[in-house]
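Commentary on secondary and tertiary structure
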Amino acid sequence: MAIPSTKDKSSFLEGSIPRNILRLAFPMIIAQLIHVMYNVIDRMYIGHIPGAAANALTGVGLTFPIICIVTAFTNLFGSGGAPLFSISWGKGDNKRAEQIMGNSFSLLLVTAVILTMVILIFKRPLLYLFGASDITFPYADEYISIYICGSIFAMSSLGMNSFINAQGFGRIGMLTILLGAVVNIVLDPIFIFIFHWGVKGAALATVISQCISSIWAVSFLCGKQAKLKLCTSSMKIQPALTREIAALGSSGFFMAITNSGVQVVCNATLQRFGGDLYVGVMTIINSIREIASVPVSGLTSAAQPVMGYNYGAGKYRRVQTGIRFMSAAAFLILTAVWLCLLLFPEWFIHLFNSDPDLVQACIPSMHIYFFGFFMMAGQTAGQSSAVALGRSKQAVFFSLLRKAFIVMPLTLILPRMFGLGVTGVFIAEPISNFIGGGACYVTMLLTIWKELKQKSAQEIKAS
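Below is a short write-up of the structure. (Residues numbered from 1 in each chain as written. Predicted model: local features only at pLDDT ≥ 70, side-chain atom pairs only at ≥ 80, totals over all residues. Heavy atoms only, no water.)

**A word on the overall build of the chain**
- A tally of helices and strands in the chain yields 17 helices and 0 strands.
- Over its C-alpha trace the chain gives a radius of gyration of 22 Å, about what one expects of a compact globule, namely 23 Å for 463 residues.
- Here the analysis covers contacts within the chain between residues at least 6 apart in sequence; of these, 83% occur between residues at least 24 apart.
- Element-wise, carbon and sulfur atoms account for 69% of the exposed surface of the chain, whose accessible area totals about 17900 Å².
- A distance of 15 Å separates the average location of the 32 positive side-chain charges in the chain from that of its 18 negative side-chain charges. (Helix = DSSP H or I, 4+ residues; strand = E, 2+ residues; numbered from the N terminus. Rg over C-alpha atoms; globule rule 2.2 N^0.38 Å. Contact = heavy atoms within 4.5 Å. Areas by Shrake-Rupley, 256 points an atom, 1.4 Å probe, with all protein chains shown as cover. Lys, Arg positive; Asp, Glu negative; His and termini not counted. Charge placed at Lys NZ, Arg CZ, Asp CG, Glu CD.)

Following this line, the structure appears as structure tokens:
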């Protein structure tokens, strides 16, 4: 295959870095919002099922840790492969870039099959471990039994979409998710309310929609429009390449795994101190957080291929510009989101449930949980910089610090101190935002930024 020209390579070396990032960011933000809506729309409809809304919503919320595990392995091979793909492509090594994409695809498929079998076998003890009661277990069991059977579609759709975006096709990446989301939006009310399938209907609608997205994404990467194609010759799993992909994807993997762990700890603690009501509160807060995090997640996902490509091409000053822009934009966006959640909590809560007791318990919990949400900009910018430049060890550190070393211990300790109870669970999050977010960004400045300054100086001398 001939090496594409610079123009063909989405012009990441041309024009301003902010413009390049924003060109990808807008469709990627929409795409990620749509992807989040897959599960969020389910919860919106489930939360309004007549006669069972609160228990059904709580039951589906208990499946979060399992869905996070699926996301973790998607990140491991999808988000792990895409930055390596960008770096190799930036260096002009097209063959290696295609091998990375093909290996990532094979690893996603194999892992999906294994996860499906394991979770179906152990779902009952897992759900009770995650905080299920005899009342909420049937709803959780119905949902996850169907959802997990479609994990191969969820993983291949989201994982391979990273390679569509990495080639500069932000709009195509958006359409990948949009196509499935539209199907989900249409099928959800039909299956839940018209066919009266309830939670089962929501799960089935999600699986069908993810299947359609998966077919679209893979077809595009195998087709004529893709600049670097997904070919069967590149799908043979190579152990050395697998280690590289997994090493870089481990940051996203551990972030999702620790999210799963945090949810297990939170649900179990809330079940003990507040019962099903507060497990339902956490379900709503998690749903709102998923939506609230989308703008920054889309921005940083768009920045990674731009920075990774320029880093591979030796344009270190442009990489610095990318980090500056990403950091400032993330801080401003999260500050605006925090203010909206602070001022209009009831509007967001009513999207998912209107039960008076649930709303009353949720409002003060939201105020506590989202306090200082803007400090998450430090972690997202620091971790995204590490991933974009192939710094797997630093990326893993950023992933583990806040959730595993701060949130989990505080969630277990604070409810037992000073009679805090369920309030202690929600206080753990803002504490971790300030400590973890600040530490991650400072670490990035002392390591990645320092090295980029040195290489930039060499770049200036060479020019």
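Having seen it, we continue.
**Concerning helix 11 (residues 294–312)**
- Helix length check: helix 11, at 19 residues, gives a terminal C-alpha distance of 27 Å against a target of 27 Å (1.5 Å per residue), a fit within 8%.
- Helix 11 sits mainly inside the fold: 16 of its 19 residues count as buried.
- Backbone geometry just downstream of helix 11 places Gly314 in the positive-phi region, at approximately 80 degrees. (Expected span 1.5 Å × (residues − 1). Buried < 20%, exposed > 50% of the residue type's maximum accessible area, 1.4 Å probe, protein only.)

**Some details on the pattern of salt bridges**
- For the structure on display, the rule yields 7 salt bridges.
- Where Lys403 meets Glu429, a salt bridge forms, and the shortest distance between an N and an O atom there is 3.9 Å. Of this pair, Lys403 sits in helix 16 (residues 392–413) while Glu429 sits in helix 17 (residues 422–462), and the two are 26 residues apart along the sequence. Each of the two residues, Lys403 as well as Glu429, counts as buried.
- In this structure, a network of salt bridges that share partners links the residues Arg289, Arg402, Lys403 and Glu429. (Salt bridge = Lys/Arg side-chain N within 4 Å of Asp/Glu carboxyl O.)

**Some points on the nonpolar core**
- Core analysis: the biggest nonpolar cluster contains 137 residues, and Phe85, Tyr143, Ile288, Phe370 and Phe426 have the highest contact counts within it.
- In this view, Phe370 contacts Ile285, Ile288, Arg289, Trp338 and Leu341; residues no more than four positions away in its chain are not counted. (Core = buried A, V, L, I, M, F, W, Y, C linked by side-chain atoms within 4.5 Å.)

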